[in-house]
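# Tertiary structure, described
Next come the chains, spelled out residue by residue.
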Amino acid sequence: MKLDLVFGADNLHYPLTGIGRYAFELASRLEGDESIHRVRYFSLGRWIDDPLAQCMVQAGPAQRNVWALVRARLANNRLAASTYTTLSPKYFQWALRKLDSKTIFHAPNFFVLPSQAIKVVTVHDLSHEQSPEFHPAARAQLMSTLLPESLRRADHIITVSEAVRKELMTRHQVAADRVTTVHLAASDLYRPHTTGMLAQAMTALGLQRGGYSLFVGTIEPRKNVERLVQAYERLPEDMRRKYPLLIAGGPGWNSDAIHARMSKAQEQGWLRYMSFLDQRWLPALYAGARLMAYPSLYEGFGLPIVEAMASGTPVLTSNTSCMPEVAAGAAHLVNPRDLDDIRHGLEHCLSDEAWQAEAQAKGLVRAAQLSWDRCASETIAVYKKLV
């Protein structure tokens, strides 16, 4: 029997961030799988036609998905969040009233809606519980209110790392047989580049291959960018000049202090900030870096780690949450709350040629173990088990 699937499309819009990338790569493969009869898309109370095509439409920094912006602002407002929590389940249940008990409804972003369908939800992290200070109070409250109900409603839960699976089982007493870990992966676009492949991007961005360290991610407290900049500032001046720190990512919540520190470093000439990057240059940006520096305080998976490894770029990351699991021995691990440990790690990774070669080789092997085809196959196996 072929599966009838409804897929949550809330995050399928340009530009694709971590959860959006997961939803896009997974949905792209589900549509073509012989086990799937059809895939339909539901987003914010509406049925959507072909959202995958919309993900490929390039937008400028001022052009963002309107619904996504509105939802983000509402999530930061206590009254709006409370109203949404009260009213949305009833409306969504009405909108999905025609789904039957043979249909799979997969919500790839924390919250599965009430319906008669077989319900699967993907939980990416529990940062709102582990470290609520990383979120606006209204958002943390919204997550804390809606997630437990979503977990009870779901017939099965997918987590993106074993670390999150264990957190879920401990914090929410979820039975082991109700939750499955399915790792994420890097897109095929992320791969080692020859000098010729890099030339156009390096020229366009004003960069030199192997001449910079890289951080990719939203600028917010959880990503630990401020400590990264502080640690980089403590490196020898000649090293900072030879390998300036390039930070690529949009501004996030509570990031004013981080931006102030980055502005000071830019004035000193050893840091460069790109708040918006043409997505076609991103694979080359990864592949051209000397080092990917990602000392995040907490991650559910940490997709940039794998994207860098797949690009042949050595990685420095944290020894906490899921990051050792994702790196699997192929990255240099540091204590993300210890400035000296981050600084020593940066200096070692940038200067040690033997480590560079070893990390590159190990990273490519690790990235090859993680693929979106495998992610889709393991997800479909969950569907089949439920049917």
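Relevant structure appears above.
Residues numbered from 1 in each chain as written. Predicted model: local features only at pLDDT ≥ 70, side-chain atom pairs only at ≥ 80, totals over all residues. Heavy atoms only, no water.

## Thoughts on the overall build of the protein
Looking only at helices and strands, the protein has 17 helices and 13 strands in total. Compactness check: the protein gives a C-alpha radius of gyration of 21 Å against a globular reference of 21 Å for 387 residues, within 12% of the reference. Here the protein, with 387 residues, has 55% of them falling under the buried criterion. When contacts within the protein are restricted to residue pairs at least 6 apart in sequence, those whose partners lie at least 24 apart make up 70%. When the accessible surface of the protein is summed, it comes to about 16900 Å², and 51% of that surface belongs to carbon and sulfur atoms. If you average the places of the 43 positive and of the 38 negative side-chain charges in the protein, the two averages end up 5 Å apart. (Helix = DSSP H or I, 4+ residues; strand = E, 2+ residues; numbered from the N terminus. Rg over C-alpha atoms; globule rule 2.2 N^0.38 Å. Buried < 20%, exposed > 50% of the residue type's maximum accessible area, 1.4 Å probe, protein only. Contact = heavy atoms within 4.5 Å. Areas by Shrake-Rupley, 256 points an atom, 1.4 Å probe, with all protein chains shown as cover. Lys, Arg positive; Asp, Glu negative; His and termini not counted. Charge placed at Lys NZ, Arg CZ, Asp CG, Glu CD.)

## Quick word on the sheet that holds strand 7 (residues 179-181)
Across the sheet, which stays open at both edges, the seven strands sit in the order 3-2-1-4-5-6-7 with mixed pairing between neighbours. The outermost strands of the open sheet, each flanked by one partner alone, are strand 3 (46-48) and strand 7. Taken over all neighbouring pairs, the strand axes of this sheet differ in orientation by 25 degrees on average, direction set aside. Direction of pairing for strand 1 (residues 3-8) relative to strand 2 (residues 36-43): parallel, over a ladder of six bridges. Within strand 2, the residue paired with Leu 3 across the bridge is Ile 36. The sheet contacts of helix 7 (residues 162-172) involve strand 5 (118-123), strand 6 (156-159) and strand 7, and relative to strand 7 the element is tilted by about 160 degrees. (Pairing = 2+ DSSP bridges. Axes fitted to C-alpha atoms, helices over the stretch in contact; angles between N-to-C directions.)

## A word on the packing of aromatic side chains
Given two aromatic rings, one states the distance between the centres and the angle between the planes to describe the pair. The final tally for this structure, using the stated rule, is seven aromatic pairs. When the centroid spacing of 6.3 Å and the interplanar angle of 80 degrees are considered together, the rings of Phe 7 and Tyr 41 count as edge-to-face. Here the residue Phe 7 occupies a position in strand 1, and Tyr 41 occupies one in strand 2, the gap between them amounting to 34 residues. Ring centres of Tyr 22 and Trp 372 lie 6.4 Å apart, and the angle between their planes is 45 degrees; on these two criteria the pair is classed as tilted. In this pair, Tyr 22 sits in helix 1 (residues 18-32) while Trp 372 sits in helix 17 (residues 372-386), placing the two residues 350 residues apart along the sequence. For the pair Tyr 22 and Trp 372, a shared accessibility class is recorded, and that class is buried. (Phe/Tyr/Trp six-rings, centres within 6.5 Å; stacked < 30°, edge-to-face > 60°.)

## Points about helix 9 (residues 225-233)
Along helix 9, the residues classified as buried are Val 225, Leu 228, Val 229, Ala 231 and Tyr 232. Projected down its long axis, helix 9 shows its buried positions confined to an angular sector of 165 degrees, all on one face. (Arc of directions from axis to C-beta.)

## Comments concerning the pairing of strand 1
Strand 1 sits mainly inside the fold: six of its six residues count as buried. Burial along strand 1 is two-sided: Leu 3, Leu 5 and Phe 7 and Asp 4, Val 6 and Gly 8, pointing in opposite directions, are all buried. Of the crossover connections in this fold, the one passing from strand 1 over helix 1 to the parallel strand 2 is right-handed. Here strand 1 pairs with strand 4 (residues 103-107) via four bridges, running parallel. Note on strand 4: the bridge partner recorded for Phe 7 is His 106. (Right-handed = clockwise from strand over helix to strand, strands pointing away.)

## Structural notes on unusual backbone geometry
Note: most residues except glycine have negative phi, and most peptide bonds are trans. Positive phi outside glycine occurs at Phe 110, with the angle close to 75 degrees. The residue Phe 110 is located in the loop between strand 4 and strand 5 in this model. The backbone of Ala 328 sits at a positive phi, close to 50 degrees, despite the residue not being glycine.

## A short note on the packing of helix 9 against helix 11 (residues 256-268)
For the pair helix 9 and helix 11, the least separation of the axes is 9 Å and the interaxial angle reads 30 degrees. The angle between helix 9 and helix 11 places the two elements in the roughly parallel class. For the crossing formed where helix 9 meets helix 11, the hand is left-handed. Contacts between helix 9 and helix 11 involve Val 225, Glu 226, Val 229, Gln 230 and Glu 233 on the former and, on the latter, Ala 257, Ile 258, Arg 261, Met 262, Ala 265 and Gln 268. Here the residues of the contact of helix 9 with helix 11 sort into six nonpolar, two polar and three charged. (Parallel < 35°, antiparallel > 145°, perpendicular 65-115°, else oblique. Left-handed = near helix turned anticlockwise from the far one by under 90°. Nonpolar A, V, L, I, M, F, W, Y, C, P; charged D, E, K, R; others polar.)

## Some points on the pairing of strand 2
When strand 2 meets strand 3, the two strands line up antiparallel, connected through three bridges. Across the sheet, residue Phe 42 finds its bridge partner in strand 3, namely Trp 47. Connecting the antiparallel pair strand 2 and strand 3 is a turn made up of two residues, with Leu 44 showing a positive phi of about 50 degrees.

## Some words on the environment of Pro 114
Locating Pro 114 in the fold gives a position in the loop between strand 4 and strand 5. Judged by relative accessible area, Pro 114 falls into the buried class, the value being 10%. Separated by 46 residues in the primary sequence, Pro 114 and Val 160 place their C-alpha atoms 23 Å from one another.

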